[in-house]
Amino acid sequence: MQVQDMATLQAELAQAQQEKVKQEEKIAAYEEERQQLHWELRKLQGSQEQAKQEVRSLQKRQQELSSRAQHWQQLHQDSERALAMREKELVVCKVEMAFLKEELSKAKEQVQDRKRQHHSPRAGAQAGP
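The rules behind these values
- Residues numbered from 1 in each chain as written.
- Predicted model: local features only at pLDDT ≥ 70, side-chain atom pairs only at ≥ 80, totals over all residues.
- Heavy atoms only, no water.
- Helix = DSSP H or I, 4+ residues; strand = E, 2+ residues; numbered from the N terminus.
- Buried < 20%, exposed > 50% of the residue type's maximum accessible area, 1.4 Å probe, protein only.
- Areas by Shrake-Rupley, 256 points an atom, 1.4 Å probe, with all protein chains shown as cover.
- Lys, Arg positive; Asp, Glu negative; His and termini not counted.
- Charge placed at Lys NZ, Arg CZ, Asp CG, Glu CD.
- Salt bridge = Lys/Arg side-chain N within 4 Å of Asp/Glu carboxyl O.

A. Molecular detail of the overall build of the protein chain. Within the protein chain one finds two helices and zero strands. Seen through its C-alpha atoms, the protein chain measures out along the principal axes to roughly 185 × 15 × 15 Å. Within the protein chain, buried positions represent 0% of all 129 residues. Counting every atom, the protein chain has about 12,600 Å² of accessible surface; 56% of that belongs to carbon and sulfur. Across the protein chain, 22 positive and 21 negative side-chain charges occur, with their mean positions spaced 19 Å apart.

Below is the structure:
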């Protein structure tokens, strides 16, 4: 029985050693996969940080552009108000100019009437004794 027990024990030992080699191979494969995953994680973290910096940079640029747009919009509104006021002033000036032209025309007509009256024969006869 001892020889048989010894053979059984040797077979069990050989099987255990084979199982040990298989487990060591699995452990080595898992370790390699863990290292690969760790490297990919670090790479993704670096990409994520770069993306965050890019987002911050783009947000800052967007804020600057928004501020400039508001500034130009305010200038545009101010210009439109000033233009509207000048257009009103122009209308008033045109009305005033038309009135003054009419008054000038009336004044010229009166002067012409006076000159005609002064040079007419009736005007001379009335002016004498």
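B. Main features of the pattern of salt bridges. Counting across every chain of the model gives six salt bridges. Among the ionic pairs, E31 bridges to R34, the shortest N-O distance being 2.7 Å. Here E31 pairs with R34, and both are found in helix α1 (residues 2–119), just three residues apart, close to one helical turn. Assessed through its relative accessible area of 32%, E31 is described here as partly exposed. For R34, a relative accessible area of 46% puts it in the partly exposed group. As a salt-bridge pair, R61 and E64 come within 3.8 Å of each other at their nearest N and O atoms. Of this pair, R61 and E64 both sit in helix α1, separated by three residues, roughly a single helical turn.

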